[in-house]
Amino acid sequence: MVTADKTETSAHRTCLGVDLGASSGRVMAAWLDASGKLKLEEIHRFDNEPVHEGETLCWDFDRLIDDIFKGLEMAFVMARDAGRPVISIGIDSWGVDFGLVDGDGHLTGPIVHYRDSRTNGCMEEVFDTVSRQEIFTRTGIQFLPFNTIYQLYALKKSDPDQLQRARHFMMIADLVAWRLTGIITNERTNASTTQLFDANLGDWSTELITALDLPTEIFSTTRQPGESIGSLTDDLARQWNAEPDVTVIAVATHDTGSAVAAVPATTDKFAYLSCGTWSLLGTENQTPVLGNEALDANFTNESGAYGSFRLLKNIMGLWILQECRREWYRQGKHYHWPALERLAQEAGDCGTGIDVDDPRFLSPGDMPQRIRELCTERGLPVPATDGAVVRCVLRSLASRYSQVLAATENLTGEKYDSLYIVGGGVQNWLLCKWTAQAIKRPVWAGPAEATVLGNVGLQMISHGWIPDLPELRKCIHKSFRPQRFT
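Residues numbered from 1 in each chain as written. Predicted model: local features only at pLDDT ≥ 70, side-chain atom pairs only at ≥ 80, totals over all residues. Heavy atoms only, no water.

Asks: When you look at the overall build of the protein chain in this model, what are you seeing that I'm missing?
Replies: Broken down by element type, the protein chain carries 19 helices and 22 strands. In terms of overall dimensions, the protein chain is globule-like: its C-alpha atoms have a radius of gyration of 22 Å, near the 23 Å expected for 486 residues. Taken over the C-alpha atoms alone, the protein chain extends approximately 65 × 55 × 50 Å along its principal axes. When burial is assessed residue by residue, the protein chain has 60% of its 486 residues classed as buried. Put simply, 71% of the contacts in the protein chain that link residues at least 6 apart link residues at least 24 apart. Of the roughly 18600 Å² of accessible surface on the protein chain, 48% is carried by carbon and sulfur atoms. (Helix = DSSP H or I, 4+ residues; strand = E, 2+ residues; numbered from the N terminus. Rg over C-alpha atoms; globule rule 2.2 N^0.38 Å. Buried < 20%, exposed > 50% of the residue type's maximum accessible area, 1.4 Å probe, protein only. Contact = heavy atoms within 4.5 Å. Areas by Shrake-Rupley, 256 points an atom, 1.4 Å probe, with all protein chains shown as cover.)

Below, the structure written as structure tokens:
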């Protein structure tokens, strides 16, 4: 546990976590109090909405940077006023998306959204050059049409000049760290989501990169979570009146990597569900699972904190409901999330279960209509009300979680006595309750802010305030006790 002298030191210093999700971002401050509990304070929260550049769906990276810098500037003031000056910053973000930087330090083009249609058909074309089996054996990453490998392949086809001008490749969190420090970096947990990272070697797969005729020189040496990237640039340090020792630390920069680091498990063997826009269900291993069973089940082995691997499967998640809510908003029905849960509860059993991973749900659009179309095609009862749609989605997600949990147990040979749910989805009590019913075992729900807790927690380990990952999980369990659903 945290020793008295370390607690005394850490209680007077602040770690900042920049947490970037696919629909929103936030800047949060964290510290350990005198009792060793981890404290968290939200400084600035902001939307992260895609924009269109012509026909291409992109991220508004400039606006994202503006909001991050605004939040950090506020955080430096608040931390200083509280007598806990900032000592470090960590950034985490969603995976697969990236930016290319030229020799003059400028992005070669817009940062394209993974839900853009440019990768349609690219996965099959890549298989004509490198087999599905070889890609999985090297990377251990599941096959999703928007993985970075297919985005780069699509870019090479549509705009090869961008690749020719590129000198550096960086994921989203790496790009933010670059804007803070001026240092080019690639952090390992996010790099692993590209499907170009060799799980066996722990480095970029030059064989795959070369086979697809992509420039190998743009991929820099990767950093492990917990390593220091560097100090703030002089301009930012001066602008924010920062202490001289403020560093940017490469946490588990893939948001799921940070979320899993914060799972408040009390044993080494556990199953988790990181539940937000995406649902990611699996377990933590010390070695990747690269056999044919994992390939056939389309599981992934993403790099985790301190040499671990996250054996998991992507599930469409609350994205479907987020899009339903947006469509209803366009129709003048301004539902809050608690209201949607109430409507689902009141709808009664409609007997409809859908495949939440159907490809039609991947891109933005009229999700209630797509649900009705799928039900009609499959001969299923069509949900007649908005509440029935919500109930259908939540019940279907719970059923899918049960299926994936069983597949995880089959791959690992383990039997997990419960499921830990972390992320924003824990606030949906109906989903937690129905998941417990579907898996026929307890669900531990919380914390909701697991991603940023993993982010700042890994910074605290780096500073020596918390000794290791198991102790971080104990600290989070003590500080943010999860709720039990049976």
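Picking up after the structure, the text goes on.
Asks: Just to check I follow, could you spell out the nonpolar core for this structure?
Replies: In summary, soluble globular proteins display a tendency toward joint burial of nonpolar side chains. Among the nonpolar cores identified, the biggest contains 157 residues, and Leu-20, Leu-38, Ile-89, Leu-180 and Ile-371 are the most heavily contacted of them. Ranked by residues supplied to this core, first place goes to helix H16 (residues 386-412) with 11 residues. Each residue touching Ile-89, except ones within four places of it in the same chain, is listed here: Leu-16, Val-18, Leu-72, Phe-76, Leu-180, Leu-232, Val-246, Thr-247, Val-248, Ile-249 and Gln-459. (Core = buried A, V, L, I, M, F, W, Y, C linked by side-chain atoms within 4.5 Å.)

Asks: How should the side chain of Ser-396 be read in this particular structure?
Replies: Considering the arrangement of structural elements, one finds Ser-396 in helix H16. The class for Ser-396 is buried, based on a relative accessible area of 4%. In this structure the side chain of Ser-396 is engaged in a polar contact, spanning 2.6 Å, whose partner is the backbone oxygen of Cys-392. Setting aside residues up to four positions removed in sequence, Ser-396 forms contacts with Thr-352, Gly-353, Ile-354 and Val-356. (Polar contact = N/O pair within 3.5 Å; in protein donor to acceptor, adjacent residues only side chain to side chain.)

Asks: When you look at the pattern of salt bridges in this model, what are you seeing that I'm missing?
Replies: When the charged atoms of two side chains lie near each other, side chains of opposite charge can form a pair. Taken as a whole and assessed by the stated rule, the structure comprises 26 salt bridges. Two residues, Asp-60 and Arg-63, come together in a salt bridge whose shortest N-O distance is 3.6 Å. The exposure class assigned to Asp-60 is partly exposed, which follows from its relative accessible area of 26%. Given the relative accessible area of 31%, Arg-63 is considered partly exposed. Residue Asp-357 is joined to Arg-400 by a salt bridge in which the shortest nitrogen-to-oxygen separation is 2.9 Å. Placement of Asp-357 in the loop between helix H14 (337-346) and helix H15 (367-378) and of Arg-400 in helix H16 is noted, with a sequence separation of 43 residues between them. Given a relative accessible area of 23%, Asp-357 falls into the partly exposed group. Among the charged side chains, a salt-bridge network with shared partners connects Asp-19, Arg-26, Glu-42, Arg-45 and Glu-449. (Salt bridge = Lys/Arg side-chain N within 4 Å of Asp/Glu carboxyl O.)

Asks: Got a minute to help me understand the sheet that holds strand S2 (residues 24-32) in this structure?
Replies: Within a sheet, neighbouring strands are paired by backbone hydrogen bonds and run either parallel or antiparallel to one another. An order of S3-S2-S1-S6-S15-S14 is seen for the 6 strands of this open sheet, with the pairing classed as mixed. Only two strands of the sheet have a single neighbouring strand rather than two, namely strand S3 (38-47) and strand S14 (227-231). Looking at each pair of strands side by side, their axes are set apart by 25° on average, direction ignored. In this structure, strand S1 (residues 14-20) lies alongside S2, joined through 6 bridges in antiparallel fashion. Its bridge partner lying in S2, Leu-20 is registered against Gly-25. Helix H2 (residues 61-81) rests against S1, S2, S3 and strand S6 (86-92) of the sheet, and its axis sits at about 145° to S3. Across the face of the sheet, helix H7 (residues 172-181) comes into contact with S1, S6, S14 and strand S15 (247-250) while running at roughly 145° to S6. (Pairing = 2+ DSSP bridges. Axes fitted to C-alpha atoms, helices over the stretch in contact; angles between N-to-C directions.)

Asks: Just to check I follow, could you spell out the packing of helix H13 (residues 319-330) against H15 for this structure?
Replies: The relative placement of two packed helices comes down to the angle between their axes together with the axis-to-axis distance. Interaxial distance between H13 and H15 falls to 7 Å at its minimum, and their mutual angle equals 120°. For the pair H13 and H15, the contacting residues are Trp-319, Ile-320, Glu-323, Cys-324, Glu-327 and Trp-328 in the first and Met-367, Pro-368 and Ile-371 in the second. Across the contact of H13 with H15, the residue classes tally to 7 nonpolar, no polar and 2 charged. (Nonpolar A, V, L, I, M, F, W, Y, C, P; charged D, E, K, R; others polar.)

Asks: Teacher, can you tell me more about the environment of Glu-125 here?
Replies: Position of Glu-125 relative to the elements: it lies in helix H3 (residues 122-127). Its relative accessible area of 28% is what places Glu-125 among the partly exposed residues. Along the backbone, Glu-125 and Gly-425 are 300 residues apart, and their C-alpha atoms lie at a distance of 36 Å. Setting aside chain neighbours within four positions, we find Glu-125 in contact with Tyr-153 and Lys-157. Side chain to side chain, Glu-125 and Lys-157 meet in a polar contact 3.1 Å long.

That's the geometry; what it means functionally is another story.
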